[in-house]
Amino acid sequence: MNLIVLIGSGAVGKMTVGQELMKITDYRLFHNHHMIEPVIEIFGKFDGAVVGKLREDIFDAFLKTDYSGLIFTYMWAFDMQSDWDYIKSVTDKFEATGGNVYYVELGFNLHGKRYTVPIANRVILDYDTIHKDIVVSEDRMLREETKYRLVSNDGEIPFENYMKIDNTNLEPSEVALMIKERFNLQGISVTELMNRVKLEGVREDEIEQLYDMQIKSFMSLYEKYHDEGSPAIESI
């Protein structure tokens, strides 16, 4: 199974680009907010160990699916050896399946736009919860940007399947298309999509129930609009 690692500092557009990329490929999106904000909400603070364990569980379960790959967003502190080690461990996990790992670093200039996380993308409980999660998450993001180096130096990332995109003046859909074309990612076909639809046959004991449901939903209209030429309702 393949893996796309979307790298970049906070609010650079990793999740938004990932959502657009998911629309045009057979890949699913696993972004920071899936793990970080629920942990903050439950524990009242960020807990890296819990987030790490949840990520590993998601990776292991997803590797058992039939999807072509996963899009994973990550704020990589390039001056922290532990982050290099973590990326290697995730890379090894996916490459062990025979898949490829692609690295895409997003970035903007000093006057570039930042992407805020749309409310619709959050787990909505109530306004106070949403506001608290946003404040805690963004406060942590700002601290990390001043504490760690979240932008790679030229030539620092040694991977062959790597691209760096200045998405300052690009729409997320444009960036997604650039990634798809650069790595020749296959979009999902209609056949593949239909193969994922699993239909169960009607059991013998369900036939009478279905018949009763049809009669109940149809009889009121039949009695109101039928005439002598209307077909009769026959029993099974």
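Overview of the structure.

Rules used throughout
Residues numbered from 1 in each chain as written. Predicted model: local features only at pLDDT ≥ 70, side-chain atom pairs only at ≥ 80, totals over all residues. Heavy atoms only, no water. Pairing = 2+ DSSP bridges. Helix = DSSP H or I, 4+ residues; strand = E, 2+ residues; numbered from the N terminus. Axes fitted to C-alpha atoms, helices over the stretch in contact; angles between N-to-C directions. Contact = heavy atoms within 4.5 Å. Core = buried A, V, L, I, M, F, W, Y, C linked by side-chain atoms within 4.5 Å. Buried < 20%, exposed > 50% of the residue type's maximum accessible area, 1.4 Å probe, protein only. Salt bridge = Lys/Arg side-chain N within 4 Å of Asp/Glu carboxyl O.

### Some words on the sheet that holds strand β4 (residues 101-107)
1) Next: Spatially, the five strands line up as an open sheet ordered β2-β3-β1-β4-β5, and their pairing is parallel. Each of the sheet's edge strands pairs with one partner strand only, and the pair in question is β2 (27-30) and β5 (162-166). Averaged over all pairs of adjacent strands, the angle between their axes in this sheet comes to 20°, without regard to strand direction.
2) Next: Here helix α6 (residues 172-182) sits on the sheet in contact with β1 (2-7), β4 and β5, set at roughly 160° to β5.

### Describing the nonpolar core
1) Next: Among the nonpolar cores identified, the biggest contains 23 residues, and L3, V5, F59, F72 and F94 are the most heavily contacted of them.
2) Next: Sorting elements by how many residues they give to this core places helix α4 (residues 81-95) first, with four residues.
3) Next: Aside from chain neighbours lying at most four places away, what touches F59 is F30, L70, F72, Y86, V90, K93 and F94.

### Considering the pattern of salt bridges
1) Next: Counting across every chain of the model gives seven salt bridges.
2) Next: The partner of K23 in a salt bridge is E20, and the shortest N-O contact between them spans 3.1 Å. Here K23 pairs with E20, and both are found in helix α1 (residues 14-24), just three residues apart, close to one helical turn.
3) Next: Residue D205 is joined to R203 by a salt bridge in which the shortest nitrogen-to-oxygen separation is 3.1 Å.
4) Next: Residue D205 is classed as partly exposed on the basis of its relative accessible area of 46%.
5) Next: Given the relative accessible area of 48%, R203 is considered partly exposed.
6) Next: Three or more residues joined by partner-sharing salt bridges are found here, namely E56, D60 and K93.

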